[in-house]
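Survey of secondary and tertiary structure
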Amino acid sequence: MKIKSEERSSLSSPTRVKLAADKSMALAVGSRRVWSRAMLWKIHNQHKAAARRRRRVVSVRRLINNNIHHHKRSLRKRGDHHEEVGGGGGFCHANELRKLVPGGETMDLCSLLDETAHYLKCLVTQVQVMTSIDQFYSAI
């Protein structure tokens, strides 16, 4: 996907880097995974949703931790103390996970967990590559 020159000027440098990193990660995986197809579709249609481009990029770990802590607080307020793993809250957590994994809204639980594991491995690899690039250019 090429970014048009008029769109390129409206995107900040970190946004362009994030866009390029997401696209390269999804292209490297190919169409074998639902999350990569969903990510490529989102990137392809991103010019239609300018509001999404301006949205902050939040790390998956921070977002998951915030959702878990928020869920725990709401359970304490309601007085509902079910187990988080294996208890009745599994579907609540699956729904939160569906929001984080590209294309997760349409997956059953087993597929969602499989795609999430693969997506997280790719994100970790992406962070390692970007850290290496940063270290390389910082040394110059």
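Residues numbered from 1 in each chain as written. Predicted model: local features only at pLDDT ≥ 70, side-chain atom pairs only at ≥ 80, totals over all residues. Heavy atoms only, no water.

The chain goes by Transcription factor IBH1 in an unreviewed UniProt entry, where it is assigned to Citrus sinensis.

Some words on the nonpolar core
Grouped together as the largest cluster of nonpolar side chains are 15 residues, with contacts concentrated most on M25, W35, M39, V101, L112, Y119 and C122. When residues of this core are traced back to their parent elements, those giving at least two are α2 (13-29), α3 (34-44), α6 (90-100) and α7 (109-139). Ignoring sequence-local partners within four residues, the contact set of M39 consists of D22, M25, A26, P102 and Y119. (Core = buried A, V, L, I, M, F, W, Y, C linked by side-chain atoms within 4.5 Å. Buried < 20%, exposed > 50% of the residue type's maximum accessible area, 1.4 Å probe, protein only. Helix = DSSP H or I, 4+ residues; strand = E, 2+ residues; numbered from the N terminus. Contact = heavy atoms within 4.5 Å.)

Some thoughts on α2
The end-to-end C-alpha distance of α2 is 25 Å, a good match for the 24 Å that 17 residues give at a rise of 1.5 Å each. Inspection of α2 places L19, A21, D22, K23, M25, A26 and V29 among the buried residues, and these make up the whole buried set. Contact partners of the buried residues in α2: α3 and α7. Residue G30 follows α2 closely and has a positive phi angle near 85 degrees. (Expected span 1.5 Å × (residues − 1).)

Some remarks on the side chain of S36
Mapped onto the elements of the fold, S36 is located in helix α3. Once residues lying within four places of it in the same chain are set aside, the contact partners of S36 are A26, V29, G30 and S31.

What to know about the packing of α3 against α7
Where α3 contacts α7, the two axes come as close as 9 Å, and the packing angle between them is 65 degrees. Along the contact surface, α3 presents V34, W35 and M39, while α7 presents E115, H118, Y119 and C122. A per-class count over the contact of α3 with α7 returns 5 nonpolar, 1 polar and 1 charged. (Axes fitted to C-alpha atoms, helices over the stretch in contact; angles between N-to-C directions. Nonpolar A, V, L, I, M, F, W, Y, C, P; charged D, E, K, R; others polar.)

Observations concerning the environment of S138
Checked against the element boundaries, S138 lands in helix α7. The exposure class assigned to S138 is exposed, which follows from its relative accessible area of 54%. Within the local environment of S138, its side chain forms a polar contact with the backbone oxygen of D134, the two atoms lying 2.7 Å apart. (Polar contact = N/O pair within 3.5 Å; in protein donor to acceptor, adjacent residues only side chain to side chain.)

Side note on the confidence of the model for the chain
Per-residue pLDDT for the chain has a mean of 75; in total, 61% of the residues score no lower than 70. The secondary-structure element of the chain with the lowest mean pLDDT is helix α4 (residues 50-54), recorded at 49, while α7 shows the highest, at 91. Of the regions scoring below 50 in pLDDT, residues 80-86 engages in 12 contacts with residues more than four places distant in sequence or in other chains. (pLDDT = per-residue confidence, 0-100.)

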